[in-house]
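# A look at the structure
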Amino acid sequence: MLVELERKYGRIPPEDHDKVALMYYEFAPPMTRAAHRVNATRQINGGKTTQVDQSTSRWLRGKEVALMLKKSDMESICPGNTAEPPADAEVTIADIATAEPPAD
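Residues numbered from 1 in each chain as written. Predicted model: local features only at pLDDT ≥ 70, side-chain atom pairs only at ≥ 80, totals over all residues. Heavy atoms only, no water.

## Side note on the overall build of the protein
Counting its secondary structure elements, the protein contains 5 helices and 0 strands. For the protein, the succession of helices and strands along the chain, N to C, is α-α-α-α-α. Here the protein holds 104 residues, and 10% of them are scored as buried. Pairs at least 24 residues apart make up 59% of the contacts formed inside the protein by residues separated by at least 6 positions. Just so you have it, the protein exposes about 8900 Å², and 57% of that area is on carbon and sulfur atoms. (Helix = DSSP H or I, 4+ residues; strand = E, 2+ residues; numbered from the N terminus. Buried < 20%, exposed > 50% of the residue type's maximum accessible area, 1.4 Å probe, protein only. Contact = heavy atoms within 4.5 Å. Areas by Shrake-Rupley, 256 points an atom, 1.4 Å probe, with all protein chains shown as cover.)

Listed below in C-alpha cells is the structure:
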C-alpha cells in the first residue's frame, strides 16, 4: 500500500498518524447499503444527527493530508506561482496615469 501511495503522491508523510490517515483515505472500505439506508431514513424523518465516528474522522484527516501533499507537489513544480507580485514589479497610480495607451 505504501508503494502505491508513494507512486501517487511522490512522497509519504513522515508522521505515523498521517500515514495511517492517508492509507485509510485511499483504501477505506465503501459504506454499506445498510448504513446508506439508515442515513436516508434519518434524513427523511428529521431524526437526530449522529456523532462523527473515528473512521470518518480518519477519512477526513486522510483527505487533508492528501490535499497537502498535492499542494506541496504543485508548489515544487511551479515555484513562481504565488499570489504576491515580484518586488521589482511595483507600479504606482502615477505610473498608470502617465502611461501611454497601447497602440492598436
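## A few points about the pattern of salt bridges
Taken as a whole and assessed by the stated rule, the structure comprises 3 salt bridges. Across the pair lysine 8 and glutamate 26 runs a salt bridge, and its minimum N-O distance is 3.1 Å. Of this pair, lysine 8 sits in helix α1 (residues 2-9) while glutamate 26 sits in helix α2 (residues 16-27), and the two are 18 residues apart along the sequence. The class for glutamate 26 is partly exposed, based on a relative accessible area of 23%. One salt bridge connects glutamate 64 with arginine 61, and the closest N-O pair in it is separated by 3.2 Å. Linking glutamate 64 with arginine 61, this pair stays in helix α4 (residues 54-77), spanning 3 residues, or about one helical turn. Look at arginine 61 and you get partly exposed, because its relative accessible area is 33%. Members of the salt-bridge network, linked through shared partners, are Asp18, Arg61 and Glu64. (Salt bridge = Lys/Arg side-chain N within 4 Å of Asp/Glu carboxyl O.)

## Structural notes on the nonpolar core
Within the largest apolar cluster, 6 residues are counted, these being Leu5, Tyr9, Leu22, Val65, Ala66 and Leu69. Looking at this core, the elements that each hand over two or more residues are α1 and α4. The biggest single contributor to this core is α4, with 3 residues. Residues within four places of valine 65 in sequence aside, it is in contact with Pro13, Asp18 and Leu22. (Core = buried A, V, L, I, M, F, W, Y, C linked by side-chain atoms within 4.5 Å.)

## Section: helix α3 (residues 33-45)
Across its 13 residues, α3 extends 18 Å between first and last C-alpha, which sits within 8% of the 18 Å expected from 1.5 Å per residue. Looking one or two residues past α3, glycine 46 carries a phi angle of roughly 70°, positive in sign. (Expected span 1.5 Å × (residues − 1).)

## Focus on the packing of α1 against α2
Angle between the axes and distance between the axes are the two parameters that describe a pair of packed helices. Interhelical geometry of α1 versus α2 gives an angle of 85° and a closest axis separation of 11 Å. The angle between the axes of α1 and α2 places the two elements in the roughly perpendicular class. Counted together, Leu2, Glu4, Leu5, Lys8 and Tyr9 of α1 and Leu22, Met23, Tyr25, Glu26 and Phe27 of α2 form the full contact between these two elements. (Axes fitted to C-alpha atoms, helices over the stretch in contact; angles between N-to-C directions. Parallel < 35°, antiparallel > 145°, perpendicular 65-115°, else oblique.)

## Examining the side chain of aspartate 18
Looking at the secondary structure, you find aspartate 18 in helix α2. Polar contacts involving the side chain of aspartate 18 include one to the side chain of arginine 61, which spans 2.7 Å. (Polar contact = N/O pair within 3.5 Å; in protein donor to acceptor, adjacent residues only side chain to side chain.)

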